[in-house]
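# Notes for the structure review
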Amino acid sequence: MSESYEEKAARLDAADGLAGHRAKFALDEETVYLDGNSLGALPAHVPARMADVIAREWGELRIRSWDESGWWTAPERIGDRIAPIVGAAPGQIVVGDSTSVNVFKAVVAAARLNGDDRDEILVDATTFPTDGYIAQSAARMTGHTVVACDPAGMAAAVSDRTALALVNHVDYRTGRLQDLPGLTAALHAAGALAVWDLCHSAGALPVGLDEHGVDLAVGCTYKYLNGGPGSPAYLYVAERHQAAFDSPLPGWNSHADPFGMTPGYEAASGALRGRVGTPDILSMLALEAALDVWDGVAVEDVRAKSLALTDFFLECVEAYVPEGRVTSVTPGAHGERGSQVALRCADAPAVMAELIKRGVVGDLRRPDILRFGFTPLYVGFADAERAARTLAEVLRQA
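Throughout, a residue's number is its position along its own chain's written sequence, starting from 1. For this predicted model, a pLDDT threshold of at least 70 governs which residues receive local features, and a threshold of 80 or more governs which side-chain atom pairs are given and counted, while totals over whole chains, interfaces and linings are taken from all residues. Based on all heavy atoms of the structure, the side-chain values leave hydrogens and waters out of the count.

Right, let's get into the overall build of the protein chain. Strands are runs of DSSP state E lasting at least 2 residues, helices are runs of H or I lasting at least 4, and numbering of each runs from the N terminus. Helix and strand content of the protein chain: 12 helices and 13 strands. Taking 21 Å as the expected radius of gyration for a compact globule of 398 residues, we find that the protein chain reaches 22 Å, a close match to that expectation. By its C-alpha atoms, the protein chain is 75 × 55 × 35 Å across when sized along the principal axes. Only protein chains enter the calculation, and the probe is 1.4 Å; a residue is then buried if its accessible area is under 20% of its type maximum, exposed if over 50%, and partly exposed in between. The burial tally for the protein chain puts 54% of its 398 residues in the buried class. Atoms counted for the radius of gyration: C-alpha only. Globule rule: 2.2 Å times residue count to the power 0.38.

Given below as C-alpha coordinates:
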(Lines give C-alpha, C1' and ligand atoms only; values in the text may rest on other atoms or scores of the structure.)
Protein backbone atom coordinates (compact mmCIF):
# COMPACT_ATOMS: atom_id res chain seq x y z
CA MET A 1 0.00 0.00 0.00
CA SER A 2 1.41 3.40 -0.99
CA GLU A 3 2.12 6.05 1.60
CA SER A 4 -0.58 8.70 1.99
CA TYR A 5 0.31 12.37 2.02
CA GLU A 6 -0.66 12.64 5.67
CA GLU A 7 1.69 9.74 6.45
CA LYS A 8 4.45 11.31 4.39
CA ALA A 9 3.99 14.61 6.24
CA ALA A 10 4.29 12.81 9.59
CA ARG A 11 7.47 11.07 8.44
CA LEU A 12 9.02 14.31 7.20
CA ASP A 13 8.11 16.15 10.40
CA ALA A 14 9.66 13.38 12.51
CA ALA A 15 12.95 13.77 10.60
CA ASP A 16 12.94 17.59 10.66
CA GLY A 17 15.89 19.01 12.58
CA LEU A 18 14.16 22.38 12.93
CA ALA A 19 10.84 21.01 14.21
CA GLY A 20 11.67 21.84 17.82
CA HIS A 21 11.77 25.55 17.07
CA ARG A 22 7.99 25.66 16.65
CA ALA A 23 7.62 25.54 20.43
CA LYS A 24 9.43 28.89 20.66
CA PHE A 25 6.47 30.66 19.01
CA ALA A 26 2.99 31.60 20.23
CA LEU A 27 0.98 29.39 17.89
CA ASP A 28 -2.17 27.33 18.28
CA GLU A 29 -2.64 23.88 16.79
CA GLU A 30 -6.03 24.82 15.29
CA THR A 31 -4.48 27.23 12.79
CA VAL A 32 -2.07 26.70 9.93
CA TYR A 33 -0.24 30.02 9.69
CA LEU A 34 1.12 30.55 6.17
CA ASP A 35 1.33 34.33 6.22
CA GLY A 36 4.76 34.72 7.81
CA ASN A 37 5.90 36.36 4.57
CA SER A 38 3.69 39.30 5.65
CA LEU A 39 3.84 39.12 9.44
CA GLY A 40 5.90 36.57 11.31
CA ALA A 41 4.49 34.81 14.35
CA LEU A 42 5.23 36.08 17.87
CA PRO A 43 8.20 34.42 19.59
CA ALA A 44 6.76 33.23 22.89
CA HIS A 45 9.39 34.88 25.14
CA VAL A 46 8.98 38.41 23.73
CA PRO A 47 6.03 39.51 25.94
CA ALA A 48 8.03 38.88 29.14
CA ARG A 49 10.99 40.79 27.75
CA MET A 50 8.78 43.73 26.80
CA ALA A 51 7.12 43.73 30.20
CA ASP A 52 10.57 44.21 31.72
CA VAL A 53 11.47 46.94 29.22
CA ILE A 54 8.29 48.86 30.02
CA ALA A 55 8.13 48.33 33.79
CA ARG A 56 11.81 48.45 34.72
CA GLU A 57 13.85 50.06 31.95
CA TRP A 58 11.29 52.74 31.15
CA GLY A 59 9.23 52.79 34.35
CA GLU A 60 12.06 52.69 36.90
CA LEU A 61 15.33 53.64 35.19
CA ARG A 62 13.68 56.08 32.81
CA ILE A 63 16.27 58.23 31.01
CA ARG A 64 19.13 56.30 32.60
CA SER A 65 18.26 53.40 30.30
CA TRP A 66 19.81 55.15 27.32
CA ASP A 67 23.15 54.24 28.92
CA GLU A 68 22.45 51.61 31.56
CA SER A 69 20.10 49.48 29.42
CA GLY A 70 21.98 49.99 26.16
CA TRP A 71 19.23 51.86 24.37
CA TRP A 72 21.62 54.22 22.61
CA THR A 73 23.64 51.46 20.95
CA ALA A 74 20.64 49.32 20.02
CA PRO A 75 20.55 50.22 16.28
CA GLU A 76 24.05 48.93 15.58
CA ARG A 77 23.95 46.13 18.18
CA ILE A 78 20.80 44.66 16.66
CA GLY A 79 22.25 45.24 13.20
CA ASP A 80 25.10 42.95 14.16
CA ARG A 81 22.53 40.33 15.23
CA ILE A 82 20.94 40.47 11.76
CA ALA A 83 24.28 40.49 9.94
CA PRO A 84 24.99 36.73 9.95
CA ILE A 85 21.45 35.98 8.75
CA VAL A 86 22.12 38.00 5.57
CA GLY A 87 25.79 37.13 5.22
CA ALA A 88 27.41 40.34 6.42
CA ALA A 89 30.32 41.00 8.74
CA PRO A 90 29.70 43.14 11.83
CA GLY A 91 29.66 46.92 11.56
CA GLN A 92 27.75 47.19 8.27
CA ILE A 93 24.08 47.12 9.31
CA VAL A 94 22.15 49.70 11.28
CA VAL A 95 18.55 49.16 12.41
CA GLY A 96 15.92 51.90 12.42
CA ASP A 97 13.18 53.63 10.43
CA SER A 98 10.93 51.87 7.92
CA THR A 99 11.89 49.97 4.79
CA SER A 100 10.64 52.89 2.68
CA VAL A 101 12.85 55.39 4.51
CA ASN A 102 15.85 53.10 4.17
CA VAL A 103 15.20 52.60 0.45
CA PHE A 104 15.25 56.40 0.12
CA LYS A 105 18.55 56.65 1.99
CA ALA A 106 20.12 53.87 -0.04
CA VAL A 107 19.01 55.08 -3.48
CA VAL A 108 19.97 58.71 -2.92
CA ALA A 109 23.28 57.75 -1.34
CA ALA A 110 24.08 55.36 -4.19
CA ALA A 111 23.24 58.04 -6.75
CA ARG A 112 25.59 60.43 -4.95
CA LEU A 113 28.31 57.79 -4.75
CA ASN A 114 28.15 57.01 -8.44
CA GLY A 115 26.33 59.84 -10.17
CA ASP A 116 28.90 62.29 -11.53
CA ASP A 117 28.55 61.15 -15.12
CA ARG A 118 25.69 58.66 -14.77
CA ASP A 119 22.10 59.84 -14.96
CA GLU A 120 20.07 56.62 -14.87
CA ILE A 121 18.57 54.48 -12.13
CA LEU A 122 17.36 51.01 -13.09
CA VAL A 123 14.39 49.79 -11.07
CA ASP A 124 12.92 46.32 -10.94
CA ALA A 125 9.66 46.62 -12.91
CA THR A 126 8.06 43.93 -10.73
CA THR A 127 9.08 45.64 -7.50
CA PHE A 128 6.94 46.23 -4.46
CA PRO A 129 5.24 49.56 -5.29
CA THR A 130 6.88 51.61 -2.53
CA ASP A 131 10.34 50.93 -3.95
CA GLY A 132 9.25 52.37 -7.28
CA TYR A 133 7.62 55.40 -5.69
CA ILE A 134 10.72 56.13 -3.61
CA ALA A 135 13.05 55.64 -6.57
CA GLN A 136 11.06 58.12 -8.64
CA SER A 137 11.26 60.72 -5.89
CA ALA A 138 14.97 60.10 -5.35
CA ALA A 139 15.58 60.47 -9.08
CA ARG A 140 13.82 63.83 -9.17
CA MET A 141 15.98 65.04 -6.30
CA THR A 142 19.27 63.86 -7.77
CA GLY A 143 18.67 64.65 -11.44
CA HIS A 144 18.46 61.02 -12.53
CA THR A 145 15.97 59.20 -14.73
CA VAL A 146 14.28 55.98 -13.64
CA VAL A 147 14.22 53.15 -16.14
CA ALA A 148 11.99 50.21 -15.19
CA CYS A 149 12.93 46.80 -16.50
CA ASP A 150 12.35 43.17 -15.68
CA PRO A 151 15.16 41.75 -13.51
CA ALA A 152 15.73 39.03 -16.10
CA GLY A 153 16.70 41.70 -18.62
CA MET A 154 18.49 44.05 -16.25
CA ALA A 155 22.00 42.76 -16.95
CA ALA A 156 21.47 43.54 -20.63
CA ALA A 157 19.93 46.95 -19.87
CA VAL A 158 22.77 48.33 -17.73
CA SER A 159 25.03 50.83 -19.49
CA ASP A 160 27.67 53.46 -18.80
CA ARG A 161 24.78 55.81 -17.94
CA THR A 162 23.56 53.58 -15.09
CA ALA A 163 24.40 54.80 -11.60
CA LEU A 164 22.62 52.02 -9.73
CA ALA A 165 19.94 49.38 -9.87
CA LEU A 166 17.29 48.77 -7.18
CA VAL A 167 16.07 45.18 -7.20
CA ASN A 168 13.86 42.98 -5.01
CA HIS A 169 15.63 39.76 -4.11
CA VAL A 170 12.33 37.84 -4.12
CA ASP A 171 9.27 38.95 -6.08
CA TYR A 172 6.52 39.63 -3.53
CA ARG A 173 3.77 38.40 -5.89
CA THR A 174 5.20 35.25 -7.40
CA GLY A 175 7.95 34.23 -5.00
CA ARG A 176 10.53 34.24 -7.80
CA LEU A 177 14.10 34.48 -6.50
CA GLN A 178 16.26 36.84 -8.52
CA ASP A 179 19.90 36.12 -9.33
CA LEU A 180 21.63 38.34 -6.76
CA PRO A 181 25.18 37.12 -7.43
CA GLY A 182 24.90 37.26 -11.22
CA LEU A 183 23.08 40.56 -11.43
CA THR A 184 25.37 42.24 -8.89
CA ALA A 185 28.39 41.11 -10.91
CA ALA A 186 26.85 42.37 -14.15
CA LEU A 187 26.11 45.77 -12.61
CA HIS A 188 29.65 46.08 -11.27
CA ALA A 189 31.11 45.11 -14.64
CA ALA A 190 29.31 48.13 -16.11
CA GLY A 191 30.39 50.42 -13.26
CA ALA A 192 26.97 50.54 -11.59
CA LEU A 193 26.07 49.93 -7.95
CA ALA A 194 23.71 47.22 -6.68
CA VAL A 195 21.00 48.08 -4.14
CA TRP A 196 18.94 45.08 -3.02
CA ASP A 197 15.61 44.89 -1.18
CA LEU A 198 15.72 41.79 1.04
CA CYS A 199 12.24 41.99 2.57
CA HIS A 200 11.09 38.64 1.20
CA SER A 201 14.40 36.78 1.46
CA ALA A 202 16.17 37.64 4.72
CA GLY A 203 15.47 34.87 7.21
CA ALA A 204 14.24 32.48 4.53
CA LEU A 205 17.38 31.80 2.50
CA PRO A 206 21.10 32.65 2.34
CA VAL A 207 21.74 36.13 0.93
CA GLY A 208 25.52 36.51 0.99
CA LEU A 209 25.80 40.31 0.97
CA ASP A 210 29.55 40.37 1.60
CA GLU A 211 30.33 37.29 -0.46
CA HIS A 212 28.66 38.70 -3.56
CA GLY A 213 29.88 42.28 -3.18
CA VAL A 214 26.50 43.97 -2.72
CA ASP A 215 26.88 47.73 -2.27
CA LEU A 216 23.77 48.63 -0.26
CA ALA A 217 20.74 46.70 0.91
CA VAL A 218 17.57 47.25 2.90
CA GLY A 219 15.09 44.94 4.52
CA CYS A 220 12.20 44.70 6.94
CA THR A 221 12.18 42.64 10.13
CA TYR A 222 8.49 41.82 10.60
CA LYS A 223 8.33 38.98 8.08
CA TYR A 224 10.72 36.02 8.38
CA LEU A 225 12.63 37.72 11.23
CA ASN A 226 9.46 37.83 13.38
CA GLY A 227 10.12 41.29 14.82
CA GLY A 228 6.47 42.29 15.16
CA PRO A 229 4.10 44.61 13.29
CA GLY A 230 5.89 47.74 12.16
CA SER A 231 9.20 46.61 13.64
CA PRO A 232 12.13 48.72 12.41
CA ALA A 233 13.86 47.99 9.14
CA TYR A 234 17.61 47.91 8.51
CA LEU A 235 20.17 49.40 6.16
CA TYR A 236 23.34 47.63 4.99
CA VAL A 237 26.24 49.80 3.82
CA ALA A 238 29.23 47.81 2.61
CA GLU A 239 32.34 48.79 4.55
CA ARG A 240 34.11 50.01 1.40
CA HIS A 241 31.38 52.64 0.88
CA GLN A 242 30.93 53.86 4.44
CA ALA A 243 33.44 56.73 4.37
CA ALA A 244 31.73 58.22 1.31
CA PHE A 245 28.14 57.35 2.25
CA ASP A 246 26.24 60.65 2.09
CA SER A 247 22.83 60.22 3.70
CA PRO A 248 19.99 62.40 2.41
CA LEU A 249 18.63 62.40 5.99
CA PRO A 250 21.52 63.64 8.16
CA GLY A 251 19.76 63.55 11.52
CA TRP A 252 21.32 64.25 14.88
CA ASN A 253 21.64 60.52 15.64
CA SER A 254 24.13 60.11 12.79
CA HIS A 255 26.28 63.07 13.85
CA ALA A 256 29.85 62.37 14.93
CA ASP A 257 29.08 64.22 18.18
CA PRO A 258 25.29 63.99 18.60
CA PHE A 259 25.25 65.70 21.97
CA GLY A 260 27.55 68.51 20.86
CA MET A 261 24.47 70.19 19.38
CA THR A 262 26.59 72.07 16.86
CA PRO A 263 24.88 73.82 13.92
CA GLY A 264 27.15 72.14 11.38
CA TYR A 265 26.77 68.49 10.46
CA GLU A 266 29.68 66.06 10.65
CA ALA A 267 28.82 62.47 9.85
CA ALA A 268 29.68 59.67 12.24
CA SER A 269 31.97 56.95 11.00
CA GLY A 270 30.81 53.56 9.79
CA ALA A 271 27.27 52.31 9.37
CA LEU A 272 26.09 54.77 12.03
CA ARG A 273 25.79 57.25 9.15
CA GLY A 274 22.54 55.46 8.36
CA ARG A 275 20.92 56.56 11.61
CA VAL A 276 18.57 59.55 11.54
CA GLY A 277 16.47 60.42 14.59
CA THR A 278 15.76 58.96 18.02
CA PRO A 279 15.34 55.18 17.75
CA ASP A 280 11.94 53.59 18.35
CA ILE A 281 13.13 51.75 21.43
CA LEU A 282 10.07 49.65 22.29
CA SER A 283 9.72 48.03 18.86
CA MET A 284 13.49 47.83 18.49
CA LEU A 285 13.93 45.89 21.73
CA ALA A 286 11.03 43.60 20.82
CA LEU A 287 12.92 42.83 17.61
CA GLU A 288 16.13 42.20 19.52
CA ALA A 289 14.36 39.69 21.76
CA ALA A 290 12.67 38.05 18.76
CA LEU A 291 16.04 37.42 17.12
CA ASP A 292 16.88 35.02 19.97
CA VAL A 293 15.01 32.29 18.05
CA TRP A 294 17.87 32.40 15.53
CA ASP A 295 20.50 31.40 18.08
CA GLY A 296 22.17 28.23 16.84
CA VAL A 297 20.19 28.17 13.57
CA ALA A 298 22.01 27.92 10.24
CA VAL A 299 20.37 29.80 7.37
CA GLU A 300 21.38 26.93 5.08
CA ASP A 301 19.24 24.53 7.13
CA VAL A 302 16.33 26.98 6.94
CA ARG A 303 16.70 27.12 3.17
CA ALA A 304 16.78 23.32 2.84
CA LYS A 305 13.56 22.98 4.82
CA SER A 306 11.93 25.86 2.93
CA LEU A 307 12.51 24.12 -0.38
CA ALA A 308 11.32 20.78 0.99
CA LEU A 309 8.16 22.41 2.38
CA THR A 310 7.27 24.23 -0.82
CA ASP A 311 8.03 21.13 -2.90
CA PHE A 312 5.73 19.07 -0.69
CA PHE A 313 2.97 21.67 -0.71
CA LEU A 314 3.04 21.84 -4.52
CA GLU A 315 2.98 18.03 -4.65
CA CYS A 316 -0.08 17.95 -2.39
CA VAL A 317 -1.81 20.70 -4.38
CA GLU A 318 -1.30 18.74 -7.57
CA ALA A 319 -2.70 15.58 -5.95
CA TYR A 320 -5.65 17.13 -4.11
CA VAL A 321 -6.91 20.14 -6.04
CA PRO A 322 -9.31 19.55 -8.95
CA GLU A 323 -7.51 19.93 -12.26
CA GLY A 324 -7.51 23.41 -13.76
CA ARG A 325 -8.62 25.24 -10.62
CA VAL A 326 -5.21 26.70 -9.69
CA THR A 327 -1.94 27.35 -11.48
CA SER A 328 1.35 27.91 -9.71
CA VAL A 329 3.17 31.09 -10.76
CA THR A 330 6.07 30.31 -8.41
CA PRO A 331 9.06 28.84 -10.27
CA GLY A 332 9.60 25.12 -9.90
CA ALA A 333 13.39 25.37 -10.06
CA HIS A 334 14.91 25.65 -6.59
CA GLY A 335 17.39 28.29 -7.70
CA GLU A 336 14.52 30.54 -8.76
CA ARG A 337 12.19 30.09 -5.77
CA GLY A 338 11.91 32.04 -2.54
CA SER A 339 9.94 30.70 0.44
CA GLN A 340 6.37 31.21 -0.74
CA VAL A 341 4.02 29.58 -3.21
CA ALA A 342 1.73 31.78 -5.29
CA LEU A 343 -1.26 30.14 -6.96
CA ARG A 344 -3.37 31.85 -9.59
CA CYS A 345 -7.01 31.13 -8.81
CA ALA A 346 -10.33 32.42 -10.03
CA ASP A 347 -12.25 34.26 -7.30
CA ALA A 348 -9.10 34.32 -5.16
CA PRO A 349 -10.44 36.80 -2.54
CA ALA A 350 -13.45 34.60 -1.72
CA VAL A 351 -11.33 31.45 -1.70
CA MET A 352 -8.80 32.95 0.71
CA ALA A 353 -11.56 34.25 2.97
CA GLU A 354 -13.01 30.74 3.19
CA LEU A 355 -9.57 29.21 3.83
CA ILE A 356 -9.06 31.58 6.74
CA LYS A 357 -12.48 30.64 8.16
CA ARG A 358 -11.31 27.03 8.08
CA GLY A 359 -8.06 27.79 9.89
CA VAL A 360 -5.62 28.06 7.00
CA VAL A 361 -4.24 31.59 7.02
CA GLY A 362 -2.56 32.79 3.86
CA ASP A 363 -3.09 36.02 1.96
CA LEU A 364 -3.71 37.26 -1.55
CA ARG A 365 -2.55 39.72 -4.12
CA ARG A 366 -5.31 41.08 -6.27
CA PRO A 367 -6.81 40.18 -8.55
CA ASP A 368 -6.19 36.43 -8.56
CA ILE A 369 -3.13 35.33 -6.57
CA LEU A 370 -3.32 33.18 -3.43
CA ARG A 371 -0.06 33.48 -1.46
CA PHE A 372 1.21 30.90 1.02
CA GLY A 373 4.35 31.83 2.93
CA PHE A 374 6.43 29.06 4.51
CA THR A 375 8.46 30.08 7.56
CA PRO A 376 10.64 27.05 8.27
CA LEU A 377 11.23 27.81 11.95
CA TYR A 378 7.60 27.08 12.79
CA VAL A 379 5.78 25.65 9.74
CA GLY A 380 5.79 21.88 9.37
CA PHE A 381 4.95 19.37 6.68
CA ALA A 382 1.62 18.49 8.30
CA ASP A 383 0.73 22.19 7.96
CA ALA A 384 1.53 22.07 4.25
CA GLU A 385 -0.57 18.92 3.75
CA ARG A 386 -3.54 20.33 5.66
CA ALA A 387 -3.40 23.60 3.73
CA ALA A 388 -3.45 21.83 0.36
CA ARG A 389 -6.24 19.50 1.47
CA THR A 390 -8.35 22.38 2.76
CA LEU A 391 -7.79 24.35 -0.42
CA ALA A 392 -9.07 21.38 -2.42
CA GLU A 393 -12.16 21.13 -0.21
CA VAL A 394 -12.92 24.82 -0.64
CA LEU A 395 -12.54 24.65 -4.42
CA ARG A 396 -14.72 21.57 -4.72
CA GLN A 397 -17.50 23.33 -2.83
CA ALA A 398 -17.17 26.66 -4.62
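The salt bridge definition used is simple: a Lys or Arg side-chain nitrogen within 4 Å of an Asp or Glu carboxyl oxygen. Inspection of the entire model under this criterion finds 25 salt bridges. Of the charged contacts in the structure, one is a salt bridge between D383 and R22, with a shortest N-O distance of 2.8 Å. You can see D383 sitting in helix α12 (residues 381–397) and its partner R22 sitting in the loop between α1 (5–14) and β1 (32–33), a full 361 residues away along the chain. When the shortest N-O distance is used, the salt bridge between R81 and D292 registers 2.9 Å. With R81 in helix α4 (residues 74–82) and D292 in the loop between α9 (281–290) and α10 (299–320), this residue pair connects regions lying 211 residues apart in the sequence. When salt bridges with common partners are traced through the structure, they connect R49, D52, R56 and E57 into a single cluster.

Here a Phe, Tyr or Trp ring, Trp counted by its six-membered ring, pairs with any other such ring whose centre lies within 6.5 Å, and the pair is stacked when the planes are under 30 degrees apart, edge-to-face when over 60, and tilted otherwise. Tallied over the entire structure, the rule returns 12 aromatic pairs. Taking 6.4 Å as the distance between ring centres and 45° as the angle between the ring planes, the aromatic pair formed by Y5 and F312 counts as tilted. Of this pair, Y5 sits in helix α1 while F312 sits in helix α10, placing them 307 residues apart in sequence. Its relative accessible area of 25% is what places Y5 among the partly exposed residues. Ring centres of F313 and F374 lie 5.2 Å apart, and the angle between their planes is 55°; on these two criteria the pair is classed as tilted. Placement of F313 in helix α10 and of F374 in the loop between β13 (369–373) and α12 is noted, with a sequence separation of 61 residues between them. Here F374 falls in the buried class, since its relative accessible area comes to 0%. Here a set of aromatic residues connected by ring pairs shows up, and it is made of W66, W71, W72, W252 and F259. Here the guanidinium or amino end of R275 rests over the ring plane of W72, the centre of that ring lying 4.9 Å away. A ring has a charge above it when a Lys NZ or an Arg CZ is no more than 6 Å from the ring centre and no more than 35 degrees off the ring normal.

So, on to the sheet that holds β13. An order of β9-β10-β13-β12 is seen for the four strands of this open sheet, with the pairing classed as antiparallel. Looking at strand neighbours, the two that pair on one side only are β9 (326–328) and β12 (363–365), the edges of this open sheet. Strand-to-strand twist across the sheet, computed as the mean angle between neighbouring axes with direction ignored, equals 35°. By the bridge criterion, three bridges tie β12 to β13 in an arrangement that is antiparallel. Note on β13: the bridge partner recorded for D363 is R371. By the convention used here, strands pair only if DSSP detects at least 2 bridges between them. To get an axis, fit a line to the C-alpha atoms, keeping to the stretch in contact for a helix; angles then go from 0 to 180 degrees between the N-to-C directions.

Here the focus is the UniProt feature "binding site: pyridoxal 5'-phosphate" (unreviewed entry) in the protein chain. UniProt positions are given in the numbering used here, feature names are shortened, and annotations may be inferred rather than shown by experiment. Within this numbering scheme, the UniProt entry marks T99, S100, F128, P129, T130, D131, D197, H200, Y222, W252 and T278 as carrying the feature "binding site: pyridoxal 5'-phosphate" (unreviewed entry). Spanning 180 residues, the named residues do not form one spatial group; their C-alpha atoms are separated by as much as 30.8 Å. Within the secondary structure, S100 is located in helix α5 (residues 99–113). In this view, S100 contacts T130 and I134; residues no more than four positions away in its chain are not counted. Here D131 shows up in helix α6 (residues 129–142). Setting aside anything within four residues of it in sequence, one finds D131 in contact with V103, L166, N168 and D197. Only heavy atoms enter the contact rule, under which two residues are in contact if any of them lie within 4.5 Å.

Quick look at the side chain of N37 now. Turning to its location among the elements, N37 is positioned in the loop between β1 and α2 (46–61). By relative accessible area, which is 0% here, N37 ends up buried. Look past the residues within four positions of N37 in its chain and what remains in contact with it is H200, K223, Y224, Q340, R371 and G373.

Let us now look at the environment of A286. Tracing the backbone shows A286 in helix α9. For the pair A286 and L187, spaced 99 residues apart in the sequence, the C-alpha separation amounts to 37 Å. Not counting residues up to four positions away in its chain, the partners in contact with A286 are V46, M50 and G227.

So, on to a nonpolar patch on the surface. Note that patches include only residues with greater than 30% relative accessible area and no salt bridge, and the join distances are 9 Å for like charges and 5 Å for nonpolar side chains (Val, Leu, Ile, Met, Phe, Trp, Tyr). Method for areas: the Shrake-Rupley scheme with a 1.4 Å probe, in which residue coverage is limited to the protein chains shown. Side chains of I54, W58 and L282 sit close together on the surface and give an oily, nonpolar patch of about 290 Å² of accessible area. Residue W58 is classed as partly exposed on the basis of its relative accessible area, which comes to 48%.

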